[in-house]
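Each chain, letter by letter, is given below.
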Amino acid sequence: MISDNKCVKNKEIARIFDRIADALEFQGANRFRVVAYRKAARILDDLTEDVSVLAQANKLESLPGIGHAIATKIAEYLSTGTVKKYEEVKKEIPGTLLDLLDIQNLGPKTLALAYKELGVESLKDLKQVIKTGRLEELPQMGKQKVDNIRKGIVLYERAHERLSIAAAEEIAHELIAYLKKETRIKHISAAGSLRRWKETIGDIDILATGPNSRTIITVFTQFPNAERVLAAGTTKSSILVRGGVQVDLRIVNAGSYGAALQYFTGSKAHNIRLRNIAKSKGLKLSEYGVFRGKKQIAGRNERDVYKILGLIYVPPEIREDRGEVELALKNKLPKLVEHRSIRGDLHMHSTYSDSEATIAELATAADAHGYEYILITDHSQSVTYAHGLEPKRLYAQWKEIDRLNKKLRTPHILKGVEVDIRRDGTLDYPDAILKECDFVVAAIHQGFKHKVTERMCRAMQNPYVDIIAHPTGRLISSREGYHIDLHRVMEVAAKTGTWLEINAYWDRLDLNDTNARAAHEQGVSISIGTDAHDIKGIQWMKFGVATARRAWLASKDVVNTYTLKKLRAARKVNRKK
DNA sequence: GCCGTTTTCGGCCCGACTGTTTTCAGTCG
């Protein structure tokens, strides 16, 4: 079960299409058929609408990349629970064989050959034929190739998990600082999914330009935290750092830096769209630039690449082929919210509940960020494991806040709570307390499977509840989240004027990008809060803002870009003080 | 399998690298 159970079907069908694509690839089918299934899988995975609703309205084929054949298969799955084509495929290919495609340097052709000629059906079989030397003897194979597959297996067995954005950013930051210090690098930037601020990162990509690429590569491979050097050529090198994270470095000429940055930032789907546009204009786009015939007409600068193709600049965060290319062609992209527009943090914990930071420390750190206000939102009384505040301690906290506000110029400290939505759907403080708060954040911390949608909707009906925190309850690394009908929650949020949170903590990022976008499209305003439990936590705002940008949000869609005066005015109209 | 301001058929993104080859296939990003 995932957090939005209406869209479970979307994910299920996406997975089936991906498996069909694997199988077709393995069978040596036309590669464009393979691509078609992969694309359909991606479209379904991104979709926040329930695919069965679209099917009922006969609108499946209006989705780009979904044609008659695939629409029929979706309908088939929705009515019968299976896809015949997929069942057939499963019969033809033994069990977990296709999982082995995740092994680096082992592709569909080689795997098919090993299966056909040597009867390889599992990882165990594969290791065996490597050991006995039989794999090496196959046509087109050789010692080196097998050796590379062997290395691939080692990585595969480490169960190579994706990295959190926070961990990836830290490693990239450190590495870039090191390279800048040790070499005469001109330009250097993270690229790939890290530059797009995806919530998790596979490999870290870094792009640079400088006077001596060999030196840069050598210095790169000597990075103190490098565990192993995977490859070191003249323009490209890969290393493994701490715990097996792969970092790829590419060196390009300054004249191609913009095109290369565009190219290596991706996403792949976005790049394919751009290349098609280039082609339709009689141009060619590659990582070296935009070319008319053999003449490079753009490439030094990333913006020029977009410009010459007739697009306005597309910020990295939204390069996912989710409609941004069409709007960029028409100059209609929204102006995305920026980190510097954030005026305050609307979700923070102090030592009164389960944080390591005092209110004064939080305020001082927030001041360094230039914030106008912060909202202190400690846990309420029934969240005992987090040392939730009974009314008496809450009042004591308010007294301290009053004292601090007299003493400090900025930021203004607002009195809030993260009030628990209890199992029975009531709130953990009476209205008499809630109405005295500047702002109220409500959240679910218990009963994840128990009538969550109803409880949350009921909480939003309360005139004093301003924000619902982490609306799906997921933890990226470890927890699926509530059983919840998120679209219903968005509906009620829009109707009652309740704000939904993008929780900026890197393991939450909840709402996520697609859900935040759907919420905005339904007319819901978004609040970004760090959920800071220590001073460092204040920095997570950048991940929240990045998620908002990935959700296509502008400043006006994010309430904590408002001045305090405007923020107060934007509250629920039925709130009476 | 999808798609159409050149097309309802014939295209479908582009290039590097590697290792096996003696002109190229497979894999990756």
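My aim in this report is to walk through the structure given alongside it, one point at a time.

Reading guide: rules and limits
Residues numbered from 1 in each chain as written. Chains lettered and ligands numbered in written order. Predicted model: local features only at pLDDT ≥ 70, side-chain atom pairs only at ≥ 80, totals over all residues. Heavy atoms only, no water. Helix = DSSP H or I, 4+ residues; strand = E, 2+ residues; numbered from the N terminus. Rg over C-alpha atoms; globule rule 2.2 N^0.38 Å. Buried < 20%, exposed > 50% of the residue type's maximum accessible area, 1.4 Å probe, protein only. Contact = heavy atoms within 4.5 Å. Areas by Shrake-Rupley, 256 points an atom, 1.4 Å probe, with all protein chains shown as cover. Lys, Arg positive; Asp, Glu negative; His and termini not counted. Charge placed at Lys NZ, Arg CZ, Asp CG, Glu CD. Near = heavy atom within 4 Å. Polar contact = N/O pair within 3.5 Å; in protein donor to acceptor, adjacent residues only side chain to side chain. Nonpolar A, V, L, I, M, F, W, Y, C, P; charged D, E, K, R; others polar. Pairing = 2+ DSSP bridges. Axes fitted to C-alpha atoms, helices over the stretch in contact; angles between N-to-C directions. Salt bridge = Lys/Arg side-chain N within 4 Å of Asp/Glu carboxyl O. Core = buried A, V, L, I, M, F, W, Y, C linked by side-chain atoms within 4.5 Å.

What follows deals with the overall build of chain A. The helix and strand tally for chain A stands at 24 helices and 17 strands. Relative to the globule expectation of 25 Å for 577 residues, the C-alpha radius of gyration of chain A, 26 Å, shows essentially globular dimensions. Taken over the C-alpha atoms alone, chain A extends approximately 80 × 60 × 50 Å along its principal axes. Counting across all 577 residues of chain A, residues that qualify as buried make up 54%. In chain A, the proportion of contacts linking residues at least 24 apart, taken out of those at least 6 apart, comes to 68%. In the structure as shown, chain A presents an accessible area of about 26,800 Å², 49% of it carried by carbon and sulfur atoms. Chain A carries 93 positive and 72 negative side-chain charges, and their two centres are separated by 5 Å.

With that settled, the discussion passes to the protein's contact with DNA strand B. With respect to spatial proximity, 42 residues lie near DNA strand B, and among them Asn105, Thr110, Tyr263, Arg275 and Lys279 are the closest. Across the atoms of DNA strand B situated within 4 Å of the protein, the share located in sugar and phosphate is 72%. One of the backbone N or O atoms of Ile70 is found 3.2 Å from a phosphate oxygen in DNA strand B. Take Gln144: an N or O atom from its side chain is 2.9 Å from a phosphate oxygen of DNA strand B. Elements with a contribution of two residues or more to the surface near DNA strand B: α2 (31-46), α4 (68-80), α6 (108-118), α9 (143-157), α14 (268-280) and β8 (284-286). The element best represented in the surface near DNA strand B is α14, accounting for five residues. Split by residue class, the surface near DNA strand B holds 15 nonpolar, 15 polar and twelve charged.

If you trace the three strands from one edge of the open sheet to the other, you get β8-β9-β10, paired in antiparallel fashion. Where the open sheet ends on each side, the last strands, each with one partner, are β8 and β10 (295-298). When the angles between neighbouring strand axes are averaged without regard to direction, this sheet yields 40°. With three bridges joining them, β8 and strand β9 (residues 289-292) adopt antiparallel strand pairing. Residue pairing in the sheet places Leu285 in a bridge with Val290 of β9.

Quick look at the pattern of salt bridges now. Counting across every chain of the model gives 35 salt bridges. The shortest N-O distance in the salt bridge between Asp22 and Arg38 comes to 2.9 Å. A residue pair is termed long-range when its members are at least 10 positions apart, and Asp22 in helix α1 (residues 8-26) and Arg38 in helix α2 qualify at 16 residues. Taking relative accessible area as the criterion, Asp22 reaches 13% and is therefore assigned buried. Close ionic contact of Glu302 with Arg319 constitutes a salt bridge, the shortest N to O distance being 2.9 Å. Of this pair, Glu302 sits in helix α15 (residues 302-308) while Arg319 is found in the loop between α15 and α16 (324-329), placing the two residues 17 residues apart along the sequence. A single burial state applies to Glu302 and to Arg319, both of which are buried. Through salt bridges with shared partners, a single network forms among Arg42, Asp46, Arg196, Arg273, Glu320, Asp321, Arg322, Glu326, Asp513 and Arg550.

Inspection of the secondary structure assignment puts Arg571 in the segment after α24 (564-569). Among buried charged residues, Arg571 stands out as having no salt bridge; its nearest opposite-charge side chain is Asp466, 4.5 Å away. Within the local environment of Arg571, its side chain forms a polar contact with the backbone oxygen of Asp438, the two atoms lying 2.4 Å apart. Setting aside residues up to four positions removed in sequence, Arg571 forms contacts with Asp438, Phe439, Asp466 and Trp499.

Here we come to the sheet that holds strand β17 (residues 526-529). The strand order across the open sheet built from seven strands is β11-β12-β13-β14-β15-β16-β17, with neighbouring strands paired in parallel fashion. The two strands at the open ends of the sheet, each matched to only one other strand, are β11 (344-348) and β17. Relative to strand β14 (residues 439-443), strand β13 (residues 412-420) runs parallel, the two being bridged by five bridges. Bridging across to β14, Gly416 finds its partner in Phe439. In the packing of helix α17 (residues 359-368) onto the sheet, contacts are made with β11, β12 (373-379) and β13, and the angle to β12 comes to roughly 145°.

By size, the foremost hydrophobic cluster in this structure holds 95 residues, and its most contacted members are Ile204, Val247, Ile374, Met456, Leu500 and Ile528. If you tally residues by element for this core, the top one is helix α10 (residues 165-182), at nine residues. Residues in contact with Val247, not counting those within four places in the same chain, are Ile171, Leu175, Ile204, Ile206, Phe220, Ser237, Ser238, Ile239 and Val241. Among the nonpolar cores identified, the runner-up in size contains 25 residues, and Ile16, Ile20, Ile70 and Ile74 belong to it.

With an omega dihedral of -5°, the bond running from Gly266 to Ser267 counts as a cis peptide bond. Looking at where Ser267 falls in the secondary structure, it is placed in the loop between α13 (257-265) and α14. Following Thr410, the chain continues to Pro411 via a peptide bond in cis, the omega torsion being -10°. Position of Pro411 among the secondary structure elements: in the loop between α18 (391-407) and β13. One non-glycine residue, Asn58, adopts positive backbone phi at about 60°.

Another aspect to go through is the environment of Arg292. Here Arg292 shows up in strand β9. What makes Arg292 exposed here is its relative accessible area of 51%. For the pair formed by Arg292 and Ala278, sequence separation is 14 residues and the distance between their alpha carbons is 9.5 Å. With near-sequence residues (within four places) excluded, Arg292 lies in contact with Leu283 and Ile297.

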